[in-house]
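# Understanding the architecture of this molecule
The primary structure of each chain is shown beneath.
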2 protein chains.
Amino acid sequence: MSLGRLYVIGLGPGDAGYLTHDVAAALAEAQDVIGYAPYVARVPDREGRTKIASENRVELDRAREALSRASKGRVVAVVSGGDPGVFAMAAAVFEAVDEGDPAWRALDIVVLPGISAMQAAAARLGAPLGQDFCVLSLSDNLKSWGTIANRLECAARGDFVIAIYNPASRSRPQTIIDAFALLRGLLNGETIVVFAKSVGRPEERLIVTSLAEADLAQVDMSTLVIVGAQGTKLIQRETGAPIVYSSRKSR
Amino acid sequence: MSLGRLYVIGLGPGDAGYLTHDVAAALAEAQDVIGYAPYVARVPDREGRTKIASENRVELDRAREALSRASKGRVVAVVSGGDPGVFAMAAAVFEAVDEGDPAWRALDIVVLPGISAMQAAAARLGAPLGQDFCVLSLSDNLKSWGTIANRLECAARGDFVIAIYNPASRSRPQTIIDAFALLRGLLNGETIVVFAKSVGRPEERLIVTSLAEADLAQVDMSTLVIVGAQGTKLIQRETGAPIVYSSRKSR
């Protein structure tokens, strides 16, 4: 029996304009499409295609299902929003390979990157990631608050721009409040903060504020938070939202 | 006179498969294409199109030229490899807007993200950026070694995966040596290190090594360096290169 192939695909942050040519080609080829339901819904139906939509937080089960199907000769696509390599399915797939059936190591697994939410948000705003930056998830499913707090402190002490994924969820409203309390103790209150909500989707909304004035009630699951560095600046415009960019010069 | 438009475009790391649909559409529309020569060379010629290729390190001049042309009604594309928002032209364009002709603030400037080198390298390797990570440039054109050293130390103390852009150049061979000396003093010698050379191009080469054993003579301008975190792991395979991924679990 011939082995199949597993594509681990990034759909980008919503709008189809963010799709890469390679991702579009792999989606056309895939027989089985597996992922968190809202992402699977973005892949068109077609005859003979099986779509398997799952709940959030079952990444390893989803990865195993995909690997098992590929090992039976199917062409399988595991789909993530954004980039599969950034807080998405790629790490879960390789964790499943590492811990699972040794035969899975011989599978043809092809990861195809996508535009991540921070890149789309940065592009809409200007160039807030234009200097050294850190990317971290506030989800405490798989790490402790101690680890998160240490990383936030290190990012602040390094004067990195900080892109924060998964800042809050219904079951975890407190983490972003604790994170901002920590950052407010380390950084100037005038530090630029952005809440980029539902980037790339019709309901997209960008809120440009400051560390001192940021209203954390505006942060939800769909929000990417960017905390600026000392070199992050605003350009005010007569019409339209201000531009946010980080100077390439650092002190 | 009608105002033009300025696209700030990411071509991805080489292969045309990384192009997004939005970038392809903007390139088709652009009358003037401006950028560092190797990137401009990747954009097809067409009748009526002006291509302006410049040397490296003249980002602000290039940005001003593009803004000036757009303000005269042209549809201009400033092209970068990778993502324009990650150590590329977007920050330079907005720096030029901030410091330049106030009329430039009214221009229609559209940044279109691309796949950055770290994403393409990560996808080829597995999922090394699968946990919290830092992204930093070792170029000392616009920041001091003190700033670079502090950021490396903070990234190491935070147990971030570290993606290092511009690790070395002909005129600056020492920085990567100093950076590794610093990291070797802070991190376990078995920490996984990857040199991803010319990612997305025919001459692509991936070297998986460790912090203790890494041969820095292999690092050049075309190399992206990834330094793993404690949770970064190897999966050995009977055939093919090992897979590198970072566990989503952190201590």
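In the block above lies the structure referred to throughout.
A few points on the structure. What you are looking at is a predicted structure, and each value in this text was computed from that prediction instead of being measured.

All names here are of chain A. Although it is not a glycine, Phe87 adopts a positive phi angle of roughly 50°. Position of Phe87 relative to the elements: it lies in the loop between β4 (75–80) and α4 (89–99). Judged by its relative accessible area of 23%, Phe87 is partly exposed.

Right, let's get into the relation of the copies chain A and chain B. Superposition of chain A onto chain B requires a rotation of 180° combined with a translation of 0.0 Å along the rotation axis, giving an RMSD of 0.0 Å. Put plainly, the chains are arranged around a two-fold axis. Looking at the interface residues of chain A, 99% of them are also at the interface in chain B, so both copies use one shared face.

What follows is about the nonpolar core. Core analysis: the largest hydrophobic core is formed by 54 residues, its most contacted members being Phe180(A) and Phe180(B). The element best represented in this core is helix α6 (residues 145–157) of chain B, accounting for 6 residues. Membership of the second largest hydrophobic core comes to 44 residues, among which are Ala120(A), Ala120(B), Ala122(B) and Leu129(B).

Right, let's get into the interface of chain A and chain B. On the chain B side, the residues contacting the 69 residues of chain A number 68 residues. Overall, the association of chain A and chain B removes approximately 5800 Å² of surface from exposure, summing both partners, and the carbon and sulfur fraction of that is 56%. Run the count over chain A and chain B and you get 10 salt bridges. The residue Asp159(A) makes a salt bridge to Arg151(B) at a minimum N-O spacing of 3.4 Å. The class makeup of the residues in the side of chain A that touches chain B is 32 nonpolar, 19 polar and 18 charged. Examined bridge by bridge, strand β7 (residues 133–137) of chain A and strand β7 (residues 133–137) of chain B share 3 bridges and lie antiparallel to one another. By the bridge assignment for β7(B), Phe133(A) is matched with Val135(B).

Procedures and definitions
Residues numbered from 1 in each chain as written. Chains lettered and ligands numbered in written order. Predicted model: local features only at pLDDT ≥ 70, side-chain atom pairs only at ≥ 80, totals over all residues. Heavy atoms only, no water. Helix = DSSP H or I, 4+ residues; strand = E, 2+ residues; numbered from the N terminus. Buried < 20%, exposed > 50% of the residue type's maximum accessible area, 1.4 Å probe, protein only. Least-squares fit on C-alpha atoms with pLDDT ≥ 70 in both. Contact = heavy atoms within 4.5 Å. Core = buried A, V, L, I, M, F, W, Y, C linked by side-chain atoms within 4.5 Å. Buried area = accessible area lost by both parts, 1.4 Å probe. Salt bridge = Lys/Arg side-chain N within 4 Å of Asp/Glu carboxyl O. Nonpolar A, V, L, I, M, F, W, Y, C, P; charged D, E, K, R; others polar. Pairing = 2+ DSSP bridges.

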